[in-house]
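Below are the chains, spelled out letter by letter.
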Amino acid sequence: MAADMRLPVIRKPVSLIVSTDRRDLVVPGDVITSDTGFMRGHGTYVDEEKLTASVAGEVQRVDKLICVRPLKTRFNGEVGDVVVGRITEVQQKRWKVETNSRLDSVLLLSSVNLPGGELRRRSAEDELTMREYLQEGDLISAEVQSVFSDGALSLHTRSLKYGKLGQGVLVQLSPSLIKRQKSHFHNLPCGASIILGNNGFVWLYPTPGQQEEEAGGFYTSHEPVSLSDREVISRLRNCLLALAAHKVLLFDTSVLYCYESSLQHQVKDVLKPEVMEEIVMLTQQKLLEQEG
Amino acid sequence: MATVQVSEAEKVYILHGIRDDLRVDGRGCEDYRHTEIETDVVSNTDGSAKVTLGHTAVLVGIKADLGKPKPMLPKEGYLEFFVDCSANATPEFEGRGGEELGTELSNTLYKVFNNKHSVDLKSLCISPGEHCWVLYVDVLLLQCDGNLYDAISIAIKAALFSTKIPKVHISADEEGAKEIELSDDPYDCMRLNVENVPCIVTLCKVGHRHVVDATLQEKACSVASLIISVTQKGTVTCMRKVGGGSLDPESIFEMTEAGKRVGKALHAPLMDLLQQEERLGTKRQKVGFLG
């Protein structure tokens, strides 16, 4: 039994040094330019002939068009993004998937690998047994195949690395914190694997032994995960939350450094504010050393 | 209640974790999440407290008003509860969505707190049968991440501790009509004795074990939970079962024992914290809502 009770601490103001030499970072109400030769894009409005930001984020200029890309946003998917999502509905020839975007994404029956080989025809029977493959609540990893005109995403799982997710932990973070990388699937040396979905959903799972792919990835094992794996996953989860709380970009190295810095603390203590601050600071130092 | 979807495999993972006494966030089965408590956050109440338990945030405000004692209990004041489920907490509460949960919560709070064994109701009496203090306890749910009962009870205890009721002087004029005079001095006030105010411990039965302070994900894996209110001395004052599933007598006994132990251990750090905050005095810099 442990109950950790305390008084809330006042949040420290973010040091202003960063914001002065980054002119492209704006908050709502900041005047971007008073030059009238520019066009008004997303996240901006014209106030007394001055182009003003309506959201907090980064200013982007394409020719004469000025947009502000918000930092706190839902997921705006692009083709090729890796996402982790949850099935919310089974419909005619398609699944609806919650991916933290403005509209539910679509996973078509024709864009999944069904058991029995790549080139299998999809029969009416497959349509009837869709719920056996994926049902409401199930988690999947997928890739964005295309973006519809209304902004909804069409996903596909036509690769062995995508598909239904088994036992593990989902951490939901802001999509702005995920660093775009070549690979979003990592087997971390600490003994667990991670999928950093571009949509801010991060999946932590025990590193699979040998690949069992007979069921086309729709079979999930319900064997208990070992205690040591569990501890690693829980620690990684708390590390991710700590990094996210301090707005550190998430990629394999930052997660791993944070994991290493947290090893001197107990798993459940990682989420205490002072411990979070300490390990995030250590992580940032390590990241700087590695860069420099 | 705010619900989350959990897939079968996730459920299996959570279930096995609880069996091994290592939950998803690294806690043991009888550990609480990180809790922050601040009292005196709303200036136009007589006592208030804000409690955050993990991502669950609850604000409690207490307003004292003059009223007439209940005919059955002429020598006691009483408490009134109202739970407001803000749509900020979850979109499900929008419109009348939170009403059902609000009524359920306030009914439980009446049972737990509105009796002379929990709160010193006699001290709220001004003149028997005629005037008494009525404490309007308003609970506002700001964020829901499981374990509302425990968070609310901690917040109520903290708010009752910080409640300052102005002293009154009764003077009778020549014709015998009584006149109540409120003290103008803000320091001339009465504090409530919160020694016997219980805290609620919710135990969720997950698999063959039970956990305290369940997150929404863990709640989704449990079939039934037991709400136990425990005083500082470890006395159980109220017990309720919620959820659709059933509990066998043996596990109810086990859970009650665990609830007693946990509840008893909950009071000491809470009282320490409240006294520590009190010592900081009025010049303490308040964090409030945006801090």
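- Under an unreviewed UniProt entry, the name given to chain B is Exosome component 7, and the source organism is Scomber scombrus.
- Regarding chain B, the relevant UniProt record gives this comment under Sequence similarities (unreviewed entry): "Belongs to the RNase PH family."

- An unreviewed UniProt entry lists chain A under the name Exosome complex component RRP4, with Scomber scombrus given as the organism.
- Regarding chain A, the UniProt comment filed under Sequence similarities (unreviewed entry) reads as follows: "Belongs to the RRP4 family."

### Topic: the overall build of chain A
So, step 1. When its secondary structure is counted, chain A shows 6 helices and 18 strands.
So, step 2. With 292 residues in all, chain A has 45% of them scored as buried.
So, step 3. For chain A, the exposed surface amounts to about 15,900 Å²; the carbon and sulfur share of it is 51%.
So, step 4. Charged side chains of chain A number 34 positive and 38 negative; the gap between the two group centres comes to 2 Å.

### A word on the sheet that holds strand 7 (residues 57-62) of chain A
Residues and elements named next belong to chain A.
So, step 1. Sheet architecture is open: 4 strands sit in the order 2-7-8-4, paired in mixed fashion. Among the strands making up the open sheet, the edge pair consists of strand 2 (25-26) and strand 4 (39-40).
So, step 2. Pairing analysis gives 6 bridges linking strand 7 to strand 8 (residues 65-70), with the strands arranged antiparallel. Within the sheet, the bridge partner assigned to Glu-58 lies in strand 8 and is Arg-69.

### Details of helix 5 (residues 252-262) of chain A
Residues and elements named next belong to chain A.
So, step 1. Counting buried positions along helix 5 gives 9 out of 11 residues, so the element sits mostly inside the fold.
So, step 2. Along helix 5, the residues that are buried comprise Thr-253, Ser-254, Val-255, Leu-256, Tyr-257, Cys-258, Tyr-259, Ser-261 and Ser-262.
So, step 3. In this fold, the buried residues of helix 5 make contact with strand 17 (192-196), helix 4 (227-245) and helix 6 (273-291).

### Here's the deal with the interface of chain B and chain A
So, step 1. Every contact between the two is made by 42 residues of chain B and, on the other side, 41 residues of chain A.
So, step 2. Counting the surface lost from both chain B and chain A, the interface buries some 3,500 Å², and carbon and sulfur atoms represent 62% of this.
So, step 3. When the buried surface of chain B facing chain A is broken down by residue, Gln-5, Tyr-13 and His-34 of chain B rank first, second and third, together holding 19% of it.
So, step 4. Our count for the contact surface shared by chain B and chain A stands at 3 salt bridges.

### Overview of the packing of aromatic side chains
So, step 1. Taken as a whole and assessed by the stated rule, the structure comprises 3 aromatic pairs over all chains.
So, step 2. Taking the centre distance of 5.3 Å and the plane angle of 80° together, the rings of Phe-81 of chain B and Tyr-110 of chain B count as edge-to-face. Highlighted residues: Phe-81 of chain B in strand 4 (residues 78-85) and Tyr-110 of chain B in helix 2 (residues 99-113), separated in sequence by 29 residues.
So, step 3. Of the residues examined, Phe-81 of chain B reaches a relative accessible area of 6% and is grouped as buried.
So, step 4. Among the aromatic residues, those joined into a cluster by ring pairs are Phe-81, Tyr-110 and Phe-113 of chain B.
So, step 5. In this arrangement the basic side chain of Arg-230 of chain A is found over the ring face of Tyr-13 of chain B, its NZ or CZ atom lying 4.4 Å from the centre.
So, step 6. Here the guanidinium or amino end of Arg-191 of chain B rests over the ring plane of Phe-161 of chain B, the centre of that ring lying 5.3 Å away.

### Focus: the pattern of salt bridges
So, step 1. All chains considered together, the criterion is met by 25 salt bridges over all chains.
So, step 2. Glu-274 of chain A is paired through a salt bridge with Arg-6 of chain A; the nearest N and O atoms lie 2.7 Å apart. In this pair, Glu-274 of chain A sits in helix 6 while Arg-6 of chain A sits in strand 1 (residues 5-6), placing the two residues 268 residues apart along the sequence.
So, step 3. Notably, a salt bridge pairs Arg-33 of chain B with Asp-145 of chain B, separated by 3.2 Å at the nearest N-O pair. One end of the pair, Arg-33 of chain B, is in the loop between helix 1 (8-19) and strand 1 (35-39); the other, Asp-145 of chain B, is in the loop between strand 6 (131-143) and helix 3 (148-162), with 112 residues separating them in the sequence. Note on accessibility: Arg-33 of chain B and Asp-145 of chain B belong to one class, buried.
So, step 4. Each of Arg-23, Asp-25, Arg-27, Arg-33, Asp-145, Asp-213 and Glu-218 of chain B takes part in salt bridges that share partners, so that together they form one network.

### Let's talk about the UniProt feature "domain: K Homology" (unreviewed entry) in chain A
So, step 1. In the numbering used here, UniProt assigns the "domain: K Homology" (unreviewed entry) feature to residues 168-207 of chain A.
So, step 2. Regarding residues 168-207 of chain A, the helix share stands at 0% and the strand share at 45%, and the terminal C-alpha atoms are separated by 10 Å.

### As for the pairing of strand 9 (residues 82-91) of chain A
Residue and element names in this part refer to chain A.
So, step 1. Taken together, the 5 bridges between strand 9 and strand 12 (residues 139-147) define a ladder with antiparallel strand orientation. Its bridge partner being in strand 12, Val-82 is matched across the sheet by Glu-143.
So, step 2. Counting the residues in the hairpin turn of strand 9 and strand 10 (residues 94-98) gives 2 residues, including Lys-93, whose phi is positive at 60°.

### Observations regarding the sheet that holds strand 17 of chain A
What holds strands together in a sheet is hydrogen bonding between their backbones, with the strands either parallel or antiparallel.
Residues and elements named next belong to chain A.
So, step 1. If you trace the 4 strands from one edge of the open sheet to the other, you get 15-18-17-16, paired in antiparallel fashion. Looking at which strands have only one partner, the edges of the open sheet turn out to be strand 15 (169-172) and strand 16 (185-187). Strand-to-strand twist in this sheet, taken as the mean axis angle between neighbours without regard to direction, amounts to 20°.
So, step 2. Sheet analysis places strand 15 next to strand 18 (residues 201-206), joined by 4 bridges and oriented antiparallel. Residue Val-171 lies in a different strand from strand 18, and its bridge partner there is Val-202.

Cut-offs used in this document
Numbering of residues starts from 1 in every chain and runs along the sequence as written. Chains and ligands are labelled by the order in which they are written, letters from A for the one and numbers from 1 for the other. Per-residue local features are limited, in this predicted model, to residues with pLDDT of at least 70; the limit for side-chain atom pairs, both in listing and counting, is 80 or more; totals at the level of whole chains, interfaces and linings are taken over all residues. Hydrogen atoms and water are omitted, and side-chain values are computed over all heavy atoms in the structure. UniProt positions are given in the numbering used here, feature names are shortened, and annotations may be inferred rather than shown by experiment. Secondary structure follows DSSP: runs of H or I at least 4 residues long count as helices, runs of E at least 2 residues long count as strands, and numbering of each begins at the N terminus. Think of it in three bands: residues with accessible area under 20% of the maximum for their type are buried, residues over 50% are exposed, and the middle band is partly exposed, with areas taken using a 1.4 Å probe on protein chains only. Under the convention used here, a 1.4 Å probe and the Shrake-Rupley method define accessible areas, while residue burial counts only the protein chains that appear. The charge count includes Lys and Arg as positive and Asp and Glu as negative, but it does not include His or the ends of the chains. Every charge is mapped to an atom, namely NZ of Lys, CZ of Arg, CG of Asp or CD of Glu. For two strands to pair, DSSP has to find at least two bridges joining them. It only takes one pair of heavy atoms within 4.5 Å for two residues to be counted as in contact. Accessible area that two parts lose when put together, evaluated with a 1.4 Å probe and summed over both, is termed the buried area. Basic side-chain nitrogens of Lys or Arg form a salt bridge, by our definition, when they fall within 4 Å of a carboxyl oxygen of Asp or Glu. For Phe, Tyr and Trp, where Trp contributes only its six-membered ring, two rings pair if their centres lie within 6.5 Å, and the inter-plane angle classes them as stacked under 30 degrees, edge-to-face over 60, or tilted in between. Counted as over-ring charges are cases with an Arg CZ or a Lys NZ within 6 Å of the ring centre that also lie within 35 degrees of the ring normal. The angle between two axes is taken between their N-to-C directions and runs from 0 to 180 degrees, where each axis is a line fitted to C-alpha atoms and a helix contributes only its stretch in contact.

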